[in-house]
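Structural overview for review
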Amino acid sequence: MAIACRAALRVLPFATRFPERHEALDRLALRTMRAILTSGVAAMYPTPEVWVAGAFAHSSAIAAASKASSLAHSSTIAAASAAASAARASAFPEEEVSTAASSATAAASNTAFSSARAAIYADADLRPETLMSSAVSVPDALHEVIATASDGMVDVLASGGAWRFWAKWYAGAMAGEPLPWGLQKAVALIPEEIWDAGPEAVAEEIARVEDEFWAQALPQAETLVVVADGRFDVRPDPTPDDQRTEKMLGQVEFALDLALRTNSGFNEMCVAFKYLRYTLDDCRDDPNAMEQHFRQARDILRRKLREGEYDPDDALSALVDGLDQHALQLRGSHPEVGAAYEIRIKQRLREVDDATMKLVAGGMRAFQRDRTAGRLYEDTGLDAETVEQDSGIEAKATAIQRTGGRAAQANIIERASQTAKDIDASGGYKAARIGTTGSTLVEMLKSVFGG
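Here, residues in each chain are numbered from 1, in the same order as that chain's written sequence. For a predicted model such as this one, the threshold for reporting local features is a pLDDT of at least 70, and the threshold for listing and counting side-chain atom pairs is 80 or more; totals across whole chains, interfaces and linings nevertheless cover every residue. Side-chain metrics rest on all non-hydrogen atoms present in the structure, leaving aside hydrogens and water.

This part covers the overall build of the chain. Each helix and strand counted, the chain has 22 helices and 4 strands in total. In the chain, which comprises 451 residues, the proportion classed as buried is 53%. Contacts in the chain between residues at least 24 apart in sequence constitute 74% of all its contacts with a sequence separation of at least 6. In this description a helix means any DSSP run of H or I spanning at least four residues, a strand means any run of E spanning at least two, and both kinds are numbered starting from the N terminus. Note on classification: 1.4 Å probe, protein chains only; a residue is buried when its accessible area is under 20% of the maximum for its type, exposed when over 50%, partly exposed between these limits. Any pair of residues with heavy atoms lying within 4.5 Å of one another is described as a contacting pair.

Structure follows, in structure tokens:
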């Protein structure tokens, strides 16, 4: 199944680039990509529900190719056939893998045929568990044929809008950095009637699926609530041991006061101080915020000490060590906080360029300005400042994950019809703007974390 999927990926450009846009060709491109995605999911999740999805994907790709046959070049139909065979391989692997490979090589010209076929057989040398996370090589001869055939063509993957998800999916699959498989599985299982409705309907459903995926992947021990003017705030889930928490906060306040009295360079302008002061003043009943803020401050202080921005000092080191221990204690004593941390830790921030970081910070500021109030407003502002400043990878990861997860949760809440009516009736936030800044921020979140 994985080999069939990779064979189809190599020739997908033949099925997404056309002399002009046409509804039948758009549907052919969509069904072709659906078939390839489903075959990849089937390789990772060989379950009955995915097999059924593969059968539907196979038949729909064949039907789309038939309807577009008068508009498409033979290589386009061959590429769609490869995708359809790859999808069918999820249910009938022995019969269809070789068919997918043959269809894929048939999409290439004679000059590229042998090299394309050799690349397919080379995949068999990879270990099964690495097949779906390895870059898909495109032989030079095949690449040249694709480039020549693409001259003057319109590529639906470059058109944005309803095709943004598919552009990210294809780029990740080819680079060996696939989108999260749980997300891809959810897309593969989108009901057939939505696929039949066309690219825009599918894009709308994928946006909903993505919001749910990211909200579940980045859980918070809290509840988002709609407040005045249709904005969101957070309601913390209280700690089961308030006395222990108060003792912990007292220790942090004492250590923070000692650190401020040193000549290390640490002062009230540091983002780490702002996190801790805000926690002590406004988040004493929120273990989720305490754990995250303690780690944020700890990571910022560690980096500044490591890079020489702060001079070594016993009091400052004691503060860092204490924050580490308290964050660990919170994860141990509050199960939901611990679970949230374990999931976040698996999604470490990748190295991204400064321009991307600025875009993410801008998205966080827009989300803060347009859609938050109360504690959520303050949280989001601190998270944005962490991303804007040179706070270190770990601190930025937590900030982006937290605010991005909250934006995804806000999107889900806003999809509820009654919530939308309440927001529209508030007068301060019209329904036409629902989800705009949150969706933009979630898109940034996905780009930063590879999803």
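What follows concerns the nonpolar core. In plain words, nonpolar cores are sets of buried Ala, Val, Leu, Ile, Met, Phe, Trp, Tyr and Cys residues tied together by side-chain atoms within 4.5 Å. By size, the foremost hydrophobic cluster in this structure holds 67 residues, and its most contacted members are Leu9, Phe165, Trp166, Trp169 and Val187. Take this core: its biggest share by element is 11 residues, from helix α2 (residues 23-44). Beyond its immediate stretch of four places on either side in the chain, phenylalanine 165 contacts Leu37, Leu179, Leu183, Val187, Ile206 and Glu210. Within the second largest apolar cluster, 48 residues are counted, among which are Ala259, Leu280, Val320 and Met357.

All right, on to helix α20 (residues 393-414) then. Expected span, for any helix, means 1.5 Å times one less than how many residues it has. For α20, with 22 residues, the first-to-last C-alpha span of 31 Å sits near the 32 Å given by 1.5 Å per residue. For α20, a buried count of 18 out of 22 residues is recorded, marking the element as mostly surrounded by other parts of the structure.

What follows deals with the pattern of salt bridges. Any Lys or Arg side-chain nitrogen found within 4 Å of a carboxyl oxygen on Asp or Glu counts as a salt bridge. Following the criterion strictly, the structure yields 29 salt bridges and no others. In this structure, glutamate 246 engages arginine 284 in a salt bridge whose closest nitrogen and oxygen atoms are separated by 2.9 Å. With glutamate 246 in helix α13 (residues 242-260) and arginine 284 in the loop between α14 (271-282) and α15 (287-306), this residue pair connects regions lying 38 residues apart in the sequence. Given the relative accessible area of 39%, glutamate 246 is considered partly exposed. We classify arginine 284 as partly exposed; its relative accessible area is 28%. Salt bridges here are not isolated pairs; linked through shared partners, they connect Arg298, Asp299, Arg302 and Asp324.

Turning our eyes to something else, we now look at the packing of aromatic side chains. Each pair of aromatic rings taken from Phe, Tyr and Trp, with Trp reduced to its six-membered ring, is defined by centres within 6.5 Å and is described as stacked if the planes are under 30 degrees apart, edge-to-face if over 60, and tilted in the remaining cases. Considering all chains together, one arrives at 5 aromatic pairs under this definition. Relative to tryptophan 166, the ring of phenylalanine 165 lies with its centre 5.2 Å away and its plane at 80 degrees, an arrangement referred to as edge-to-face. Given a relative accessible area of 6%, phenylalanine 165 falls into the buried group. Here tryptophan 166 falls in the buried class, since its relative accessible area comes to 2%. When the centroid spacing of 6.0 Å and the interplanar angle of 75 degrees are considered together, the rings of phenylalanine 266 and tyrosine 310 count as edge-to-face.

Further remarks concern helix α4 (residues 74-88). Here α4 is 15 residues long and its end C-alpha atoms lie 21 Å apart, about the 21 Å a rise of 1.5 Å per residue gives. In terms of burial, α4 is largely enclosed, as 11 of its 15 residues are buried.

For every residue, the predictor assigns a confidence score, pLDDT, that lies between 0 and 100. Looking at the chain, pLDDT values average 80 and 78% of them are 70 or higher. Low pLDDT, under 50, characterises residues 426-436; the stretch is placed with 21 contacts to residues that sit more than four places away or in other chains.

Attention now goes to the packing of α2 against α4. All axes here are fitted lines through C-alpha atoms, helices being fitted over the stretch that makes contact, and every angle between N-to-C directions spans 0 to 180 degrees. For the pair α2 and α4, interaxial distance at closest approach is 7 Å and the crossing angle is 35 degrees. The handedness of the crossing between α2 and α4 comes out as left-handed. Contact residues: Leu28, Thr32, Ala35, Ile36 and Ser39 in α2; Thr76, Ala79, Ala80, Ala83, Ala84, Ala86 and Ala87 in α4. Classification used: nonpolar for Ala, Val, Leu, Ile, Met, Phe, Trp, Tyr, Cys and Pro, charged for Asp, Glu, Lys and Arg, polar for all others including Gly. Split by residue class, the contact of α2 with α4 holds 9 nonpolar, 3 polar and no charged. Less than a right angle of anticlockwise turn of the near helix away from the far helix marks a crossing as left-handed, whereas a clockwise turn marks it as right-handed.

This part takes up the packing of α15 against α20. For the pair α15 and α20, the least separation of the axes is 8 Å and the interaxial angle reads 150 degrees. As far as their axial angle goes, α20 and α15 are roughly antiparallel. Handedness of the α15/α20 crossing: left-handed. Two secondary-structure elements touch here, α15 through Ala289, Gln292, His293, Arg295, Gln296, Asp299 and Ile300 and α20 through Glu394, Ala395, Thr398, Ala399 and Arg402. Should an angle lie under 35 degrees it is considered roughly parallel, over 145 roughly antiparallel, and from 65 to 115 roughly perpendicular; all remaining angles are considered oblique.

Once that is clear, we can look at the pairing of strand β3 (residues 222-226). Sheet topology note: the β3/strand β4 (residues 232-236) ladder contains 5 bridges and is antiparallel. For valine 225, the partnering residue across the bridge sits in β4 and is aspartate 233. Adjacent in sequence and paired antiparallel, β3 and β4 are bridged by 5 residues, among which aspartate 229 carries a positive phi angle near 60 degrees. The rule for pairing is simple: two strands pair if DSSP sees at least two bridges between them.

The next point concerns the side chain of aspartate 370. Relative to the helices and strands, aspartate 370 is located in helix α18 (residues 354-371). The exposure class assigned to aspartate 370 is buried, which follows from its relative accessible area of 10%. A polar atom in the side chain of aspartate 370 sits 3.0 Å from the side chain of arginine 369. Polar contact is the term for a pair of N or O atoms within 3.5 Å; when the atoms are in protein, one must be able to donate a hydrogen and the other to accept it, and sequence-neighboring residues count only if both atoms are side-chain atoms.

Our next topic: the environment of histidine 22. Structurally, histidine 22 can be placed in the loop between β1 (17-18) and α2. Separated by 46 residues in the primary sequence, histidine 22 and alanine 68 place their C-alpha atoms 9.3 Å from one another. Of the polar contacts made by the side chain of histidine 22, one reaches the backbone nitrogen of alanine 24; its length is 3.0 Å.

Moving on: the environment of alanine 141. Within the secondary structure layout, alanine 141 lies in helix α8 (residues 140-150). Along the backbone, alanine 141 and phenylalanine 113 are 28 residues apart, and their C-alpha atoms lie at a distance of 8.4 Å.

This next bit is on the environment of glycine 152. Examined against the element boundaries, glycine 152 turns out to sit in the loop between α8 and β2 (154-155). Along the primary structure glycine 152 and glutamate 20 are separated by 132 residues, whereas in three dimensions their C-alpha atoms are 9.5 Å apart.

Let's shift gears to the side chain of lysine 396. Within the secondary structure, lysine 396 is located in helix α20. Polar contacts involving the side chain of lysine 396 include one to the main-chain carbonyl oxygen of glutamine 389, which spans 3.5 Å.

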